[in-house]
Amino acid sequence: MKFTLRQARTFAGITQSVMAEKLGMTEKTYIQYEKYRRIFRMDDACKFSEIVGIDLDKIIFFDKKLRINRSKEAI
């Protein structure tokens, strides 16, 4: 089973504000990652995985479909 960022966070029982604090970013910035408007760097993805206790390969860090649609809108 694969988890979205939101599913992984809620599975771990962590709020967005607490997750943002643990990752060293603002809540607003974290929400952008959770909505796939930003993509985690590898070090942050590893940290996220450790915080939620779910293996990296079980978490969806990038939604290709959303990124393609967003780039087409920019044209």
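Conventions adopted
Residues numbered from 1 in each chain as written. Predicted model: local features only at pLDDT ≥ 70, side-chain atom pairs only at ≥ 80, totals over all residues. Heavy atoms only, no water. pLDDT = per-residue confidence, 0-100. Contact = heavy atoms within 4.5 Å. Phe/Tyr/Trp six-rings, centres within 6.5 Å; stacked < 30°, edge-to-face > 60°. Buried < 20%, exposed > 50% of the residue type's maximum accessible area, 1.4 Å probe, protein only. Helix = DSSP H or I, 4+ residues; strand = E, 2+ residues; numbered from the N terminus. Polar contact = N/O pair within 3.5 Å; in protein donor to acceptor, adjacent residues only side chain to side chain. Core = buried A, V, L, I, M, F, W, Y, C linked by side-chain atoms within 4.5 Å.

Next up on the list: the confidence of the model for the chain. With 87% of its residues at a pLDDT of at least 70, the chain reaches an overall mean of 89. Note on residues 68-75: pLDDT is under 50 here. Beyond four places in sequence and across chains, it has one contact.

Moving on, we get to the packing of aromatic side chains. A full pass over the atoms with the stated rule returns five aromatic pairs. Where Tyr-33 meets Phe-40, the ring centres are 4.4 Å apart and the plane angle is 10°; that geometry is what we call stacked. Both residues of the pair, Tyr-33 and Phe-40, count as buried. Between Phe-48 and Phe-61, the ring centres sit 6.0 Å apart and the planes meet at 80°, which makes this aromatic pair edge-to-face. In this pair, Phe-48 sits in helix α4 (residues 42-52) while Phe-61 sits in the loop between α4 and α5 (64-74), placing the two residues 13 residues apart along the sequence. The same class applies to Phe-48 as to Phe-61, namely buried.

Once that is clear, we can look at the side chain of Arg-9. For Arg-9, the position within the fold is in helix α1 (residues 5-11). Overall, the relative accessible area of 7% leaves Arg-9 in the buried class. Of the polar contacts made by the side chain of Arg-9, one reaches the side chain of Glu-34; its length is 2.6 Å.

Before going further, it helps to spend a moment on the nonpolar core. Tyr-30, Phe-40 and Phe-48 are the most contacted members of the largest nonpolar core, which has 18 residues in total. The contact partners of Phe-48, leaving out residues within four places of it in the chain, are Leu-5, Ala-8, Arg-9, Met-19, Leu-23, Tyr-30, Phe-40, Ile-59 and Phe-61.

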